Amino acid sequence: MGLTLMRVTFSKEFPGLGEKIKELRKASSKTVTELAAEAGISANHWSRIEREKVQDLPIETLRGIEKALGAELGIEV
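Residues numbered from 1 in each chain as written. Predicted model: local features only at pLDDT ≥ 70, side-chain atom pairs only at ≥ 80, totals over all residues. Heavy atoms only, no water.

**Q** Summarise the overall build of the chain; cite the residues concerned and give the values.
**A** Regarding its fold elements, the chain presents four helices and zero strands. Reading the chain from its N terminus to its C terminus gives the helix and strand order α-α-α-α. Overall, the C-alpha framework of the chain stretches about 50 × 25 × 20 Å when taken along its three principal axes. The buried share among the 77 residues of the chain stands at 27%. (Helix = DSSP H or I, 4+ residues; strand = E, 2+ residues; numbered from the N terminus. Buried < 20%, exposed > 50% of the residue type's maximum accessible area, 1.4 Å probe, protein only.)

**Q** Can you explain the nonpolar core? Please cite residues and give values.
**A** Counting residues in each nonpolar core, the largest one holds 15 residues, and the members touching the most others are Leu17, Ile21, Ala39, Ile41, Trp46, Ile65 and Leu69. Secondary structure elements with two or more residues in this core: helix 1 (17–27), helix 2 (32–39), helix 3 (43–50) and helix 4 (59–69). Ignoring any residue separated from it by four or fewer positions in sequence, one finds Trp46 in contact with Ile21, Arg25, Val32, Leu35, Ala36, Ala39, Ile41, Ile65, Ala68 and Leu69. (Core = buried A, V, L, I, M, F, W, Y, C linked by side-chain atoms within 4.5 Å. Contact = heavy atoms within 4.5 Å.)

**Q** Lay out unusual backbone geometry in plain terms, naming residues and giving numbers.
**A** Phi at Glu52 takes a positive value of approximately 55°, unusual for a residue other than glycine. Within the secondary structure, Glu52 is located in the loop between helix 3 and helix 4.

Here it is, written out as structure tokens:
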């Protein structure tokens, strides 16, 4: 009998997260396009995240952004 995977999700708001990501990007020597590629998302999606136009941000995407920026955003799940 095989294992069935179950995904547990939750919702939590992080005010100012987009602005924090934007500040770290500006302090970086990389372009939005470079950072987004490293995070595994499009540059357009990255910009929407910075402007806080994204309602749901998967933890995998957040971790990709942290890795691209070389910084932890202090969000634990």
